[in-house]
Amino acid sequence: MAIPVPSKDPSKKKQEEEAKQNGDTTAAKKAKDEEKQAEDLSEEDLQLKNELEMLIERLREPNTELYRPALETLRTLIRTSTSSMTSVPKPLKFLHPHYPALQALYETWSPSEDKSLFADILSVLAMTYSDTQPRGTLRYRLLSASLRPASAPLSEPGSWGHEYVRHLAAELGEEYNSREFDEEGVEKTPEENKVPGTVDDLRNLAVECATFLLQHNAEPDAVDLLEELEIVDRIVNIVDDNTYERVCQYMTRCVNLLPPPDDLSFLRTAHAIYAKHHKFPQALSLSIRLGDPELIRKDFNAPANPIMKKQLAFILARAQVPKEWLETPGEDGMEDGESELPEDLVECLSNTRLSTQFKEFGKELNVLEPKSLEDVYKSHLENTRPTTTVDSAKANLAGTFVNAFVNAGFGNDKLMAKAEEGNSWVYKNKDHGMLSAAASLGLSLLWDTDEGLSQVDKYTYSSEEYIKAGALLATGILNSGVRTEADAALALLGEYVENKSVPLKTSAIVGLGLAYAGSQREDVMQLLLPYVADDSLSMEIASLTSLALGFIFVGSGNGEIASTILQTLMEREDKQLDEKWGRYMVLGLALLYLGLQDASDATIATLKAIEHQISQLAVVMVDMCSFAGTGNVLKVQELLHYCDEHIEKTPKEKKDDKDDKDATPEEPAKDDIFQAFAVIGIALVAMGEEIGAEMSLRQFNHLMHYGEPVIRKAVPLALGLVSASNPQLPIMDTLSKYSHDSDLQVALNAIFAMGLIGAGTNNARLAQMLRQLAGYYYKEPDCLFMVRIAQGLVHMGKGTLTINPFFDDRSIMSRTAVAGLLATLTAFTDAKGFILDKYHWMLYFLVPSMYPRFLITLDEELNNISVSVRVGQAVDVVGQAGKPRTISGFQTHSTPVRLGTTERAELATEEYIPYAHVLEGFVILRKNPGWENEDKMDI
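Residues numbered from 1 in each chain as written. Predicted model: local features only at pLDDT ≥ 70, side-chain atom pairs only at ≥ 80, totals over all residues. Heavy atoms only, no water.

A.B. asks: Report on the overall build of the protein, specifying residues and quantitative values.
C.D. replies: Within the protein one finds 42 helices and 11 strands. The proportion of buried residues among the 939 residues of the protein is 56%. Long-range pairs, those at least 24 residues apart, make up 73% of the contacts in the protein between residues at least 6 apart in sequence. About 40,600 Å² of surface is accessible on the protein, with carbon and sulfur atoms providing 50% of the total. (Helix = DSSP H or I, 4+ residues; strand = E, 2+ residues; numbered from the N terminus. Buried < 20%, exposed > 50% of the residue type's maximum accessible area, 1.4 Å probe, protein only. Contact = heavy atoms within 4.5 Å. Areas by Shrake-Rupley, 256 points an atom, 1.4 Å probe, with all protein chains shown as cover.)

Dropping the structure here:
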């Protein structure tokens, strides 16, 4: 249709006349300025401007016939205007001054489809007025939608372009938040800014916007928008094959930064997306993070491919998920659960291959030969004169641990496993030293259940009580993390639990705790629980039993155990609760809630009711364990608050006479040990997330400067926990400084922490520092003992093991590993009372957190195959455009390879396709059918 173009003047004159009528000189000036500006415009722009003004004129005329075509032309002009990214599109620029007039005009129209179209156009123009009239875009968009008949819905928001959708998304979030404050449905927004539509309308619009954003590579924006409107679960239905991967990656990375309940809802949503797209390993790793037996069973049974199931079984075995969770509860009695899983799957699930594969791995890396103590100490490099003879019993004891840690899992060390008859290292120690020496055999034969039991067996018949106790502990250690059909640990240790002798009893109990860590076995619970409740037993036995149960039921929130421990804490006499063992009883309780977040609230409330001051310690420990590895900022702040109390150790200054004792019995010196655990708690919460972990280092620095002695002692331990098996330079230097501290307790813990951060890394710089310390402390038997232990840890497994609790590309926190680390650090909160006294065997609490850091590739028959892989530093590529490299500075090796804590591997060629999504641990590969003709496959 032809559009007659009138001359431009009438509208200008009209404007000037209007201005004069209003007696407003500024408007007249404006009109003059515009005329000036019009002269600067190019021919095309002028034409466009005239056309737009003519169309607006058209809308003011009484003839309603002309409205529709005019609006449609306007719409076309706005949509088709292309301009550079940086400038405002021309039509919007020219229409900007007319917006208020158009708004007034809009209000005069009667509802119709034309009015809906007008609102749609106003919604776009509102973007240019977003600073003065907030949420105009959204308001007109919703008005426009409400005026349409149901049969002809409004066009997609995306048809107006990307900027419009982003604008709308921002306003949706603002609007939703402003509505949230009242009860749902009652809105108190001021009238003129009133945005029509219910919360559901807002949410539906958000889903439309998110769909557009997903199609245009803006996955993070889509997730953020839906999160803001609290409907993030709806994203499951709008992602497709191209976008789901990026959406899930972004969502799982957000989890650490979200407050609870949102973090779990994100995990569940990402899990639902993976499950929908049949990405079983990814889905399974998320359900392990959620710790939900239902989901884990569903994911495990989802794939039909038996080889995929084996791969999933390897992931579950690494996470120490109880086998019982996978068996579908049979309706006709539970007994048939045993036969359900095929033999080969059970083998993968119970980790029985670990030992043989680990020795193979050692052979490949050329570290199978046993290392002697001298190989580790390299004392010829220490610049000391060997004049003073150190307490030789202590030196031999240190040798026990170093030998055990360094040769762990290889089963061929010279001192114990392969020692000549009657020449065993055990006899070079005395009394309680024999216990640790006999137990070190278990560490040397770690995971090797067959060979191990026969080797340990001969010590169980020893007449020496301590050797016998050590053999029991060794049985527990070597079964750690491996499940066998025979259940040897329970059979062998069960009978000793009732034994009258304290060393035998405690060794059997702790042995069971280590052997069944994370297995949640009811039968073991029935065996051990009575020893927690029995008041006639010493605190030592009750507390170690509590700890063993904490290991076995770590993160299960088991109510029966929790209530028994709480009961005991209430009923025991104050004098008993004051003992150093109290902290282990509380740790047992805290481990039950490891990583369960709010599930521990009821328990914490109960703990606050206990009169004894142990309740303060218990509250801190249960709280910090509940939020372990979440990176929850509020928890870190709460724990920091505990550290700023200054506790007077001597409240009885006024009472100088002894005879007032009975007058003021309620004034015992306040116990400040809870502050030490608050410091460790900061590390425990922050270690799950890199930025938080880095920020915590600065807090530790402050605590070290201004804290009380009890806090200063704990800071090195916290540093060791926050980067276990991950020797970062700044932390190494800090610990090196603390290891020369004037307070020997601080120095001692710093030396141990140096062992923790370098555990199993063979870090040369740390080894050098420790050799210097050995020279520095050659007259201090305690510190020298610790230096030796740290040297043993740094060379743990000859550099093939790790104690870092995070695996699966550092996304899943192994609860058993955290339990092991916490139990060890607890012993160091009073090193004089535990490790340096006769409880040095507590160093073996590290066993549940020891795991090989290898990548072993298997074919579909589970035989080792060697393929070339690239290993490099892991790079975070979430939310980046395109397909950036996920590793930097890589080297190419052929498998099996050793992976550092912050390293990642990827296959170098596309000859094989991995079943697992992360190359770590055992990975099954299948031949890529299109490899011959070089078809490109995404790996």
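More follows now that the structure is in view.
A.B. asks: With reference to specific residues and values, describe the sheet that holds strand E11 (residues 921-927).
C.D. replies: Judged by pairing direction, the sheet is mixed, and its four strands sit side by side in the order E8-E5-E11-E10 without closing on themselves. Since the sheet does not close on itself, it has two edges, and those belong to strand E8 (897-898) and strand E10 (912-914), each with one partner. When strand E5 (residues 854-858) meets E11, the two strands line up parallel, connected through four bridges. Bridge pairing in E11 places Ile856 opposite Phe922. On the sheet, helix H16 (residues 306-318) packs against E5 and E11 and is oriented at approximately 165 degrees with respect to E11. Across the face of the sheet, helix H19 (residues 354-364) comes into contact with E5, E8 and E11 while running at roughly 105 degrees to E5. (Pairing = 2+ DSSP bridges. Axes fitted to C-alpha atoms, helices over the stretch in contact; angles between N-to-C directions.)

A.B. asks: Describe in detail the side chain of Thr824, supporting the description with residues and values.
C.D. replies: Checked against the element boundaries, Thr824 lands in helix H42 (residues 815-828). Sequence-distant contacts of Thr824, that is, excluding residues within four places in its chain, are made with Phe752, Met842, Phe845 and Leu846.

A.B. asks: Hey, could you go over the packing of helix H22 (residues 432-444) against helix H24 (residues 465-478) for me, with residue numbers and the actual values?
C.D. replies: Their axes nearest at 7 Å, the elements H22 and H24 cross at an angle of 30 degrees. Viewed along their axes, H22 and H24 adopt a mutual orientation that is roughly parallel. In this structure, H22 crosses over H24, and the sense of that crossing is right-handed. Residues His432, Met434, Leu435, Ala438, Ala439, Gly442 and Leu443 of H22 form the contact with H24, whose own contacting residues are Tyr466, Ile467, Ala469, Gly470, Ala471, Leu473, Ala474, Ile477 and Leu478. Here the contact of H22 with H24 is composed, by residue class, of 13 nonpolar, three polar and no charged. (Parallel < 35°, antiparallel > 145°, perpendicular 65-115°, else oblique. Left-handed = near helix turned anticlockwise from the far one by under 90°. Nonpolar A, V, L, I, M, F, W, Y, C, P; charged D, E, K, R; others polar.)

A.B. asks: Quick one: what's the story with unusual backbone geometry, residue by residue and with numbers?
C.D. replies: Look at the link from Thr895 to Pro896: it is a cis peptide, with omega at 0 degrees. Examined against the element boundaries, Pro896 turns out to sit in the loop between strand E7 (887-894) and E8. Even without being a glycine, Ser725 presents a positive backbone phi close to 55 degrees. Position of Ser725 among the secondary structure elements: in the loop between helix H37 (709-722) and helix H38 (729-738). Phi is positive for Asp808, close to 60 degrees, though the residue is something other than glycine. On the basis of relative accessible area, Asp808 is assigned to the buried category, the value being 9%.

A.B. asks: Give a detailed account of empty space enclosed by the protein, specifying residues and quantitative values.
C.D. replies: Considering all chains together, one arrives at seven cavities of 30 Å³ or more under this definition. What the largest cavity holds in volume is close to 440 Å³. Contributing to the lining of the largest cavity are 29 residues, with Arg318, Phe807, Asp808, Glu920 and Gly921 lying nearest its centre. The set of elements that each furnish at least two residues to the lining of the largest cavity consists of H16, strand E2 (806-807), strand E4 (851-852) and E11. Of the residues forming the lining of the largest cavity, the biggest block, four residues, is contributed by H16. In terms of residue class, the lining of the largest cavity is built from 13 nonpolar, nine polar and seven charged. (1 Å grid on protein atoms, 1.4 Å probe; cavity = no way out; pocket = protein on both sides within 12 Å on 5 of 7 lines; lining within 4 Å. Points joined across faces, edges and corners; volume = space filled by probe spheres on them.)

A.B. asks: Could you give an account of the environment of Leu843, with specific residues and numbers?
C.D. replies: Checked against the element boundaries, Leu843 lands in the loop between H42 and E4. Expressed as a C-alpha distance, the spacing of Leu843 and Ala827, which sit 16 residues apart in the sequence, is 8.3 Å. Ignoring any residue separated from it by four or fewer positions in sequence, one finds Leu843 in contact with Phe401, Phe405, Phe752, Ile789, Phe828 and Ile835.

A.B. asks: Outline the environment of Leu312, supporting the account with residue identities and numerical values.
C.D. replies: With respect to the secondary-structure elements, Leu312 resides in helix H16. For Leu312 and Cys348, which are 36 residues apart along the polypeptide, the C-alpha to C-alpha distance reads 8.9 Å. Beyond its immediate stretch of four places on either side in the chain, Leu312 contacts Phe280, Pro281, Leu284, Asp299, Phe300 and Pro303.

A.B. asks: Just give me the short version of the nonpolar core, but keep the residues and values in it.
C.D. replies: In this structure, Leu443, Leu569, Leu589, Trp841, Met842, Phe845 and Met850 are the most contacted members of the largest nonpolar core, which totals 223 residues. The element best represented in this core is helix H35 (residues 673-686), accounting for 11 residues. If near-sequence neighbours (up to four positions away) are discounted, Met842 is found in contact with Leu544, Trp581, Tyr584, Thr824, Ala827, Phe834 and Ile835. Counting 80 residues, the second largest nonpolar core, distinct from the first, contains Leu55, Phe94, Tyr164 and Tyr244. (Core = buried A, V, L, I, M, F, W, Y, C linked by side-chain atoms within 4.5 Å.)

A.B. asks: Which residues make up the sheet that holds strand E9 (residues 903-907), and what are the values?
C.D. replies: Read from one edge to the other, the open sheet built from three strands follows the order E7-E6-E9, with strand pairing classed as antiparallel. In this open sheet, the two strands that pair with only one neighbour each are E7 and E9. In this sheet, adjacent strand axes meet at a mean angle of 30 degrees when their direction is disregarded. With six bridges connecting them, strand E6 (residues 868-874) and E7 associate as antiparallel partners.

A.B. asks: Explain helix H33 (residues 614-626) to me, and be specific about the residues and the numbers.
C.D. replies: With 13 residues, H33 extends 18 Å from end C-alpha to end C-alpha; this agrees with the ideal 18 Å at 1.5 Å per step. The element H33 is largely enclosed, with a buried count of 12 among its 13 residues. The set of residues buried in H33 consists of Ile614, Ser615, Leu617, Ala618, Val619, Val620, Met621, Val622, Asp623, Met624, Cys625 and Ser626. (Expected span 1.5 Å × (residues − 1).)

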